Amino acid sequence: MYEGTGDTSYDDARIWRFRTLSKNIEQYLDDTWVHNGTFEGGLLIEGDYSRDDVFKALESYIPFYDGDISFINDRGALSEYPWIRLADEESFAVLFNAKIPFKGIQVYADGPTSSGNYYILYKWDTDYETTISKAPVLSEVTNNFGGFFYEKYVFEAGEQEPGQYVLKLVHNGNADATHKLNLHRHGNVSENVEMYLNDELVTDGTYELGLLVDGESSRADVLGELIPPPEPTTEPTTEPTTEPTTEPATEPDTENPPTGDDGFGFVTVLSFATAAAVLYKKRKILKI
């Protein structure tokens, strides 16, 4: 079972454990997953085969982080990375788009035993705010999670169809020392995922968790580009139209000629002409 090297010539009454995990197998002690090494054991088969020829991947852990995660096989290595304590935050969430069906979400963390953390899975709807306001696809409360060294917790999701989802982690509000749960952060933002702390976009790194899928797959096989929220639409504004107005034409008033200055001038000219004509006639008469 173990894929490393070491001296196994010990007392047959004991089963010895190497201190690193081995790929393509899982071991359980009293039905509890062994997170801190690999007990010695293996298969016997006919012919000449290597370990890689025989053991196929049971499942694949697809990290949301797109860098090197080989450190997760080293006990306690997460302590070197920045972390948040879930009990001190309102919530943590991750947005992802799965190209193939997935069966679970695996979270790596450390701290004393922690209980009462809520894991809630939402199917994408329009945008982040709308999505988390809808009824979840699945939700679960963890009763036991964590350890003084990093540990993994698997949120069993059945078999979820491909699509875009939001996973949200919420603490139950008990922030005493026994409920300490630390989520650790890589220093780089990763492609094809978005993470939210207290519903605000995380811009300074990627926290360590990911998807579980059956068989052997890579990150590129599983995580697709995120579907962006729709662009806001604005209705075109139109200026109100007004009908042109025309004043009705008026006929001149012939029965009531204008008076005032114009009328006075007309009467004055007429009177002057009449007086001139009279004087002319009188002048003619005097000559006779």
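No experiment lies behind these values; they were computed from the predicted model shown.

## Overview of the packing of aromatic side chains
Piece 1. In total, this model carries seven aromatic pairs according to the counting rule given.
Piece 2. A ring pair is formed by phenylalanine 92 and tyrosine 207, whose centres lie 5.1 Å apart and whose planes are at 75°; its orientation type is edge-to-face. In this pair, phenylalanine 92 sits in strand β7 (residues 92-98) while tyrosine 207 sits in strand β16 (residues 206-207), placing the two residues 115 residues apart along the sequence. Just as phenylalanine 92 is buried, tyrosine 207 falls in that class too.
Piece 3. Centroid distance tyrosine 128 to tyrosine 196: 4.0 Å. Interplanar angle 10°. Geometry classified as stacked. Taken as a pair, tyrosine 128 in helix α2 (residues 128-133) and tyrosine 196 in strand β14 (residues 193-197) lie far apart in primary sequence, 68 residues in all.
Piece 4. For tyrosine 128, a relative accessible area of 4% gives the class buried.
Piece 5. What makes tyrosine 196 buried here is its relative accessible area of 9%.

## Observations regarding the confidence of the model for the protein chain
Piece 1. For the protein chain, per-residue confidence averages 77 on the pLDDT scale, and 65% of positions sit at 70 or higher.
Piece 2. When the criterion is pLDDT under 50, residues 262-273 qualifies, and its contacts beyond four places in sequence or with other chains add up to one contact.
Piece 3. In this model, residues 275-288 is a region of pLDDT below 50 whose contacts with residues beyond four sequence positions or in other chains number zero contacts.

## Some details on the nonpolar core
Piece 1. Among the nonpolar cores identified, the biggest contains 31 residues, and Phe64, Phe92, Phe96, Phe102, Leu167, Leu209 and Leu211 are the most heavily contacted of them.
Piece 2. At the level of secondary structure, the elements contributing two or more residues to this core comprise β7, β8 (102-114), β9 (117-123), β11 (145-160), β12 (163-171), β14 and β17 (209-214).
Piece 3. Contacts of phenylalanine 102, omitting those with residues within four sequence positions, involve Phe96, Leu121, Ala157, Gly158, Glu159, Gln160, Glu161, Tyr165, Leu211, Leu212 and Val213.
Piece 4. Membership of the second largest hydrophobic core comes to nine residues, among which are Ala93, Tyr122, Trp124 and Val166.

## A closer look at the environment of glutamate 159
Piece 1. Mapped onto the fold, glutamate 159 is located in strand β11.
Piece 2. Spatially, the C-alpha atoms of glutamate 159 and valine 213 are 9.0 Å apart, while their sequence positions differ by 54 residues.
Piece 3. Excluding anything up to four places from it in sequence, glutamate 159 contacts Pro101 and Phe102.

Each value, and the rule that gives it
Residues numbered from 1 in each chain as written. Predicted model: local features only at pLDDT ≥ 70, side-chain atom pairs only at ≥ 80, totals over all residues. Heavy atoms only, no water. Phe/Tyr/Trp six-rings, centres within 6.5 Å; stacked < 30°, edge-to-face > 60°. Helix = DSSP H or I, 4+ residues; strand = E, 2+ residues; numbered from the N terminus. Buried < 20%, exposed > 50% of the residue type's maximum accessible area, 1.4 Å probe, protein only. pLDDT = per-residue confidence, 0-100. Contact = heavy atoms within 4.5 Å. Core = buried A, V, L, I, M, F, W, Y, C linked by side-chain atoms within 4.5 Å.

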